[in-house]
Amino acid sequence: MKIAKKLYIVVLSAAMVLSVGSLTVYANNYTDTAFDFTFPPQSYDSQYTNARTKTDSTSSYMKLQNLSHSNAAFYAEVVHSDYSSFSKTWVYKFDSGDLHRGRYLLNYAFEDYGYTKVRIEADRAVSPNIGFTADGVWSPDSI
């Protein structure tokens, strides 16, 4: 009887260890969401993605998929959902050379606030005489 009880405990313990080891945890918010920016001619207005929750200290991610003008370009920066900058900022230029290439955008959102909502701010990087659109996908966290 004692041997059966010990065997039961060993088998149960092994099953628990194996079941915990097979769990996959996705703690960060890395799924892609579409963005669509429109930069009208003679306009300096910033464009923004929708706000999403930042859940860890990884970089944000952005992939430019379409750019309507070959000479178009914009600057992108991760900002707080209230449109303010974080204690450290990094600005990235996107142009036709970035088409279909994912880029990681450093930011201090999680370091400054922990779990918080962020968005990407985009500002034109070319003459205001050029009107253009840009679209792609982004995520607040990365893998």
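Residues numbered from 1 in each chain as written. Predicted model: local features only at pLDDT ≥ 70, side-chain atom pairs only at ≥ 80, totals over all residues. Heavy atoms only, no water.

Draft legend 1. How the structure looks around the overall build of the protein chain. Within the protein chain one finds two helices and nine strands. Per-residue burial for the protein chain yields a buried fraction of 37% across its 143 residues. Residue pairs in contact within the protein chain that sit at least 24 positions apart in sequence constitute 79% of those at least 6 positions apart. As presented, the protein chain carries roughly 8500 Å² of accessible surface, and 56% of it is formed by carbon and sulfur atoms. (Helix = DSSP H or I, 4+ residues; strand = E, 2+ residues; numbered from the N terminus. Buried < 20%, exposed > 50% of the residue type's maximum accessible area, 1.4 Å probe, protein only. Contact = heavy atoms within 4.5 Å. Areas by Shrake-Rupley, 256 points an atom, 1.4 Å probe, with all protein chains shown as cover.)

Draft legend 2. Representation of the pairing of strand 9 (residues 132–139). For strand 9, the tally of buried residues reaches six of eight residues, placing the bulk of the element in the interior. Examined bridge by bridge, strand 1 (residues 33–39) and strand 9 share seven bridges and lie antiparallel to one another. Note on strand 9: the bridge partner recorded for threonine 38 is threonine 133. Note that strand 4 (residues 60–67) and strand 9 share six bridges and pair antiparallel. Paired with methionine 62 across the two strands is tryptophan 138, which belongs to strand 9. (Pairing = 2+ DSSP bridges.)

Draft legend 3. Structural view of the side chain of glutamate 121. Note on placement: glutamate 121 falls in strand 8 (residues 116–124). Buried and unpaired, glutamate 121 has no salt bridge, with arginine 119 as the nearest side chain of opposite charge at 8.4 Å. Engagement of the side chain of glutamate 121 in a polar contact is seen with the side chain of serine 46, the distance being 3.4 Å. When near neighbours in sequence (up to four residues on either side) are disregarded, glutamate 121 contacts Ser46, Gln47, Tyr48, Tyr75, Ala76, Glu77, Val79 and Tyr83. (Lys, Arg positive; Asp, Glu negative; His and termini not counted. Salt bridge = Lys/Arg side-chain N within 4 Å of Asp/Glu carboxyl O. Polar contact = N/O pair within 3.5 Å; in protein donor to acceptor, adjacent residues only side chain to side chain.)

Draft legend 4. A look at unusual backbone geometry. Within the chain, glutamine 42 stands out as a residue other than glycine whose phi angle is a positive 65°. Among the secondary structure elements, glutamine 42 is positioned in the loop between strand 1 and strand 2 (47–48).

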